[in-house]
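So you can see what is in the structure, the chains are spelled out below.
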Amino acid sequence: MRMIRSTSVGEPQTLIIHTPAKLNLYLNILGKRADGFHDLETMMVSVRLFDTIRFESSTAANIELRCRSRIASTITLPTDRRNLIIKAAEILRTETGSNFGATLFLEKRIPSEAGMGGGSSDAAATLVGLNLLWKLNLSPEKLHQLAAQLGSDVNFFLDSAPASLCTGRGEKTEPICLSQPMHFVIVKPPSGLSTKAVFEIWAEEKSSFTMPLSSVQNVLQSGRPTEIQKILQNSLEQPARCLNVDVDRLLRVLAKQDVLGFAMTGSGSACFAMCRSHLHARTIANRLKALRLGEVFVVAAGV
Ligand code: C5P
C-alpha cells in the first residue's frame, strides 16, 4: 500500500492510502479443518489496481464510512459493520480500549465478489491507517494478529509485499521478491461469487494439486513462458465454473487467446490472462472488451 500524510496544524489530520488488489497465481486447497476453514497454499501477487481510503480524524467518537464507486460493476457497499473497514476500526478500538473517532472516505476501484481481495485490502489499510492516525503504536505483529481475525487474506495486504507464498487458511505469509514485472488482463464478469459457497462446492469434489510451492516460485521467477500455464492453477476453478456460467464462458474464451497462461483468481468470479508485455496485455484487453464478457482491467505486478 502507498501512503500520503498531511499534518497541517489546526486542520483535522488526514492520511490517504492507496491499497492494491491481488491475484492468486496458484491456489491449492489441501483439506477442510476442524474450524470449518480450509488449509491451503497459494501464491499471491499484488497488482496495480487500487482502492483509495482517506482517513480524517474526528472529535466525535463514531466511525463513519462514505463510499464512492469508480467502476460500473461495484454493488452498493454496506457502510456499517458488514463492511470490513468498520470491523477493522472496531477491532482496533476494542484491542486498545480506546474510543477515537474518524471519517473514512473510500473510493472503490477493485470489483467486489471477484476474488481480487478488495475488502481484505481495505481492511489492512484501515488497520495501518488508524494505527497511525490514532497514534496507537501497535506493533506489526499485533496488527497481523488482528488482521487474521478479520479474514484470511488481510495479512497478505498488511505486508505490502509484491508477492507472498501464503499457507494455513491463507493468513501465514512469506513475502517473496519478483525478479521481473508481470502483465495481466483481468476480466470481472457481471455476476460475482460468494467465497463460502465456492468452498462448499469444493468439498464435494476435493480437487488438489501436488506441485510444491517452491516449484511455483521457481517457474515464476525464471519467467519461462512454456512452463507458466502449468503453475497457473486454482482448486476453486471447477467449483466456481459449476456455480457460475459466466466464469465457465470466460475461461473458455481465455483458453483460446494467445497468452502465456490464464486462471481464475481466489474464489472468483474474476479471471486473468498472463501476457508477455504491457502492449500485449492491451491488445488482448481490447479483444476481450469487444466480446463484452465483463469489466476488463490491464494491470502489472512486481514493478
Ligand atoms: O476468511 P474469509 O472471510 O475471506 O473467508 C470467507 C469464507 O470463505 C469463510 O467463512 C469460509 O467459509 C471460506 N474459507 C474457507 N477456508 C479458507 C478461507 C475461506 O473455508 N482458507
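Look up a bit, the structure's there.
Conventions we followed
Residues numbered from 1 in each chain as written. Predicted model: local features only at pLDDT ≥ 70, side-chain atom pairs only at ≥ 80, totals over all residues. Heavy atoms only, no water. Helix = DSSP H or I, 4+ residues; strand = E, 2+ residues; numbered from the N terminus. Phe/Tyr/Trp six-rings, centres within 6.5 Å; stacked < 30°, edge-to-face > 60°. Buried < 20%, exposed > 50% of the residue type's maximum accessible area, 1.4 Å probe, protein only. Lys NZ or Arg CZ within 6 Å of the ring centre and 35° of its normal. Pairing = 2+ DSSP bridges.

Asker: I keep staring at unusual backbone geometry and nothing clicks. Help me out?
Answerer: What is expected of a backbone is that most residues other than glycine have negative phi and most peptide bonds are trans. Glycine 268 connects to serine 269 through a cis peptide bond whose omega is 15 degrees. Its place among the elements puts serine 269 in the loop between β10 (261-264) and β11 (271-275). Positive phi, close to 55 degrees, is recorded for asparagine 137, a residue that is not glycine. Its place among the elements puts asparagine 137 in the loop between α2 (118-133) and α3 (140-150).

Asker: Any chance you could explain the packing of aromatic side chains here in plain terms?
Answerer: The geometry of two aromatic rings is summed up by the distance between their centres and the angle between their planes. Here the structure, examined in full by the defined rule, presents 4 aromatic pairs. Ring centres of phenylalanine 156 and phenylalanine 157 lie 5.1 Å apart, and the angle between their planes is 70 degrees; this geometry places the pair in the edge-to-face category. For phenylalanine 156, a relative accessible area of 1% puts it in the buried group. For the ring pair phenylalanine 184 and phenylalanine 272, a centre distance of 5.6 Å and an interplane angle of 85 degrees mean the geometry is edge-to-face. Of this pair, phenylalanine 184 sits in strand β8 (residues 182-188) while phenylalanine 272 sits in strand β11, and the two are 88 residues apart along the sequence. Using a relative accessible area of 0% as the deciding quantity, one classes phenylalanine 184 as buried. Classification of phenylalanine 272 as buried rests on a relative accessible area of 0%. Seen from the ring of phenylalanine 50, arginine 2 lies directly overhead, with NZ or CZ sitting 4.7 Å from the centre.

Asker: Before we go on, may I ask you to explain the pairing of strand β3 (residues 38-58) in this structure?
Answerer: For a regular strand, side chains alternate in direction, first toward one face of the sheet and then toward the other. β3 sits mainly inside the fold: 16 of its 21 residues count as buried. Where strand β2 (residues 14-32) and β3 come together, 17 bridges link them in antiparallel fashion. Residue pairing for β3: threonine 19 is matched across the bridge by aspartate 51. Between β2 and the antiparallel strand that follows it, β3, lie 5 residues; glycine 36 among them carries a positive phi value of about 95 degrees. Examined bridge by bridge, β3 and strand β6 (residues 163-167) share 4 bridges and lie antiparallel to one another. Residue pairing across strands places valine 45 opposite alanine 163, the latter belonging to β6. With 7 bridges joining them, β3 and strand β5 (residues 101-108) adopt antiparallel strand pairing.

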